[in-house]
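What the coordinates show
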Amino acid sequence: MTDQPRFEIPIRPPARVTGWAGDRATPGGGPELPVHYPATGAQISVLVEDDAASVGLAVRAARRAFDQGPWPSLSTAERISLLERCGKIIRDHADELARLECAATGLLLRELKERHMLRAAYNFRFFADYISQRAGERYDQTPGYLTTVVREPVGVAALIAPWNAPVALATMKIAAALAFGNTCVLKPSEQTPLALARLVALLQEVLPEGVLNLVNGRGPVTGAALVAHPGVDLVSFTGGTETGRMIMSAAGQRLVPCTMELGGKSANVIFASADFERALDGALLGIFSNNGQQCLAGSRILVERAIFDDFIERFIARAKNIRVGDPTDPATEIGPLASLPHMSRVLGFAETARADGGRVLTGGTRRDDLGAGYFVHPTAVTVPSNAARTAQDEIFGPFATFLPFESAEEAATIANDTAFGLVSYVWSDHLPTVMQMTEALRSGVVWVNTPMMRELRAPFGGFKNSGVGREGGAACEAFYTEEKTVTMPKTPPPLRRLGLGE
Ligand code: NAD
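The following refers to the structure shown.

Conventions adopted
- Residues numbered from 1 in each chain as written.
- Predicted model: local features only at pLDDT ≥ 70, side-chain atom pairs only at ≥ 80, totals over all residues.
- Heavy atoms only, no water.
- Helix = DSSP H or I, 4+ residues; strand = E, 2+ residues; numbered from the N terminus.
- Expected span 1.5 Å × (residues − 1).
- Buried < 20%, exposed > 50% of the residue type's maximum accessible area, 1.4 Å probe, protein only.
- Contact = heavy atoms within 4.5 Å.
- Near = heavy atom within 4 Å.
- Polar contact = N/O pair within 3.5 Å; in protein donor to acceptor, adjacent residues only side chain to side chain.
- Areas by Shrake-Rupley, 256 points an atom, 1.4 Å probe, with all protein chains shown as cover.
- Pairing = 2+ DSSP bridges.
- Right-handed = clockwise from strand over helix to strand, strands pointing away.
- Salt bridge = Lys/Arg side-chain N within 4 Å of Asp/Glu carboxyl O.
- Axes fitted to C-alpha atoms, helices over the stretch in contact; angles between N-to-C directions.
- Parallel < 35°, antiparallel > 145°, perpendicular 65-115°, else oblique.
- Left-handed = near helix turned anticlockwise from the far one by under 90°.
- Nonpolar A, V, L, I, M, F, W, Y, C, P; charged D, E, K, R; others polar.

For helix α3 (residues 94-105), which comprises twelve residues, the first-to-last C-alpha distance of 16 Å matches the rise-based estimate of 16 Å (1.5 Å per residue) to within 8%. Among the residues of α3, those classed as buried are Ala94, Leu97, Ala98, Leu100, Glu101, Cys102, Ala103, Ala104 and Thr105. Elements in contact with the buried residues of α3: β4 (29-36), β5 (43-50), α2 (76-92), α4 (109-132), α5 (166-179) and α6 (194-204). At the exit of α3 stands Gly106, carrying a positive phi of roughly 80 degrees.

Another point: the site of the ligand. Looking at the ligand, there are 28 residues lining it, with Ala161, Glu190, Thr243, Leu262 and Glu394 nearest. Separating an oxygen atom of the ligand from a side-chain N or O atom of Lys187 is a distance of 2.9 Å. A distance of 2.7 Å separates a nitrogen atom of the ligand from a polar atom in the backbone of Leu262. For the ligand, the protein covers 88% of the area, taking 850 Å² as the surface of the free molecule. Counting only elements with at least two residues in the shell around the ligand, the list comes to α7 (219-228), β11 (234-238) and α8 (241-253).

Judged by pairing direction, the sheet is mixed, and its three strands sit side by side in the order β1-β5-β4 without closing on themselves. Among the strands making up the open sheet, the edge pair consists of β1 (16-17) and β4.

This brings us to the pairing of strand β8 (residues 156-160). Buried residues dominate β8, accounting for five of its five residues. The two faces of β8 match: Val156, Ala158 and Ile160 on one face and Ala157 and Leu159 on the other face are all buried. Sheet topology places β8 next to strand β9 (residues 183-187); five bridges connect them, and they run parallel. Paired with Ile160 across the bridge in β9 is Lys187. The β-α-β motif built from β8, the intervening α5 and the parallel element β9 has right-handed crossover chirality. Bridge analysis of β8 against β11 gives four bridges, and the strand direction is parallel. Looking across to β11, one finds that Ala157 is bridged to Leu234.

So, on to the environment of Ile322. Tracing the backbone shows Ile322 in the loop between α10 (305-321) and α11 (340-355). Placed 265 residues apart in sequence, Ile322 and Leu57 show a C-alpha to C-alpha distance of 47 Å. Once residues within four sequence positions are removed from consideration, Ile322 is found in contact with Phe288, Glu333, Ile334 and Pro378.

Let us now look at the pattern of salt bridges. Within this structure, the stated rule accounts for 27 salt bridges. The closest approach of N and O atoms between Asp95 and Arg99, which form a salt bridge, is 3.2 Å. Within this pair, Asp95 and its partner Arg99 are both found in helix α3, separated by four residues, close to a single helical turn. Exposure remark for Asp95: the relative accessible area of 38% places this residue in the partly exposed category. The exposure class of Arg99 is partly exposed, given its relative accessible area of 23%. One salt bridge connects Glu96 with Arg198, and the closest N-O pair in it is separated by 2.6 Å. Of the two residues, Glu96 is situated in helix α3 and Arg198 in helix α6; the sequence distance between them amounts to 102 residues.

In this section: the pairing of strand β17 (residues 399-405). For β17, the tally of buried residues reaches six of seven residues, placing the bulk of the element in the interior. Pairing of strand β14 (residues 300-304) with β17, which is carried by five bridges, proceeds in the parallel orientation. Bridge pairing links Leu302 to Leu403 in β17. Relative to β17, strand β16 (residues 379-382) runs parallel, the two being bridged by four bridges. The residue of β17 that forms the bridge with Thr379 is Phe399.

Bringing the packing of helix α13 (residues 408-416) against helix α14 (residues 431-440) into the picture now. Contact pair α13 / α14: the axes reach a minimum separation of 10 Å and the direction vectors enclose 30 degrees. Between α13 and α14, the crossing angle belongs to the class labelled roughly parallel. In this structure, α13 meets α14 at a crossing whose hand is right-handed. Judged by residue contacts, Ala408, Glu409, Ala411, Ala412 and Asn416 of α13 engage Gln436, Met437 and Ala440 from α14. Across the contact of α13 with α14, the residue classes tally to five nonpolar, two polar and one charged.

In structure tokens, the structure reads:
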């Protein structure tokens, strides 16, 4: 092991991470849980788990800030100014936040700085702009009466985030919840609490007390206590489908509205009529970006039979050439997976593919030369049919499953033959084929001739087991506000009079 690389931790994180209830650290009450650097496996910090009582303090702080504080009734101009300051804080601390995020997730530092943190800052800027443009509704069809519809904040939002892009995903929720006047309690993944804990501490410097609170800990303990707390008015969740089911059942007991951004098994459909090189670049990005750990990964690559062998050959050559290693090195293209159990699960799918009659084309093994970190070879398999488990299960790693198709109809049938429906990708320069596919595909987003390209004004979310509800401009406005209809006569007309005995 002595000649193996020792990857430096990108930053020295705090020794202990705690939550926040208003302007105080939460007491925790639960065990201390280790946080590891995925590039070495070394423990680098601990988080103090918040038990139900500790969660209660955070919810009560958010409740007070909503029920008694100024936040819900701030003027739009004041709220815009605070949201813009939040965005600026993220830009000013982008390097530090990216390093903390890298230390807990193993995501590429360069990507974190250049994409995730800028996106996080932009989430605040976007919602500041959005609320500056909000239009009202006014109806006067009923003669003599005026009806207006106002949108009011809902209350205390529980925001539950996953480990695969913590700051980028959580800031979408925080910015949206705050923009529409709600207060929040954020629960990051217990695996990746570092950057979000620092971010909450930074944002608390400009936000009124209790507007943004933080709890840490495992899902079934801290997360479950948060969802079940009677002071919570809505739940925004991003994570796995099975967790989503549990959270929605628990929230349903109290009729609390939820949005669910869940898993995916998205089809990347490549026609012979596509620009071959561009589709190849897109397919590699689609499955290997973010260390392969993304909900919108194009993890089932469906290729038209006429170009199937050529495409796979070129894909494998490029996959073998990908630089796997130190996430802080700007030249690295794939870093470590997020945790040891996750790496074992991902690698287990190579055996699953073989058991289902498939062939491992490349990868399927650990990078033993990179020390104790959770590094794997980028992996690609072919399977005999879409029924194979590697074509149906979300693997959530750098693991592509290839299948051939003969026609657009067959491609759409295979693409739709899954429990998920988050996104789809279509690669073709033949317009009728593109139109046919965009109509046939059962997913919340269809990207044509491009890898993922998020437009924040447009809704993002999944069909089927990939989600309930959407995130994005108007979708967030609908979720984070209650509509109130107010009707009044312009000049009070006479009313029908009861009980006069006439
Ligand atoms: P996960 O479901 O294991 O955990 C997500 C969050 O839920 C964590 O904070 C966890 O602690 C919490 N949690 C777990 N059990 C809970 C419970 N009973 N009550 C309350 N909270 C609970 O997911 P993960 O492994 O962190 O993330 C990976 C998953 O997230 C993948 O399935 C991926 O597709 C999905 N994801 C979806 C999107 C999207 O936008 N659709 C984006 C990113 C990730």
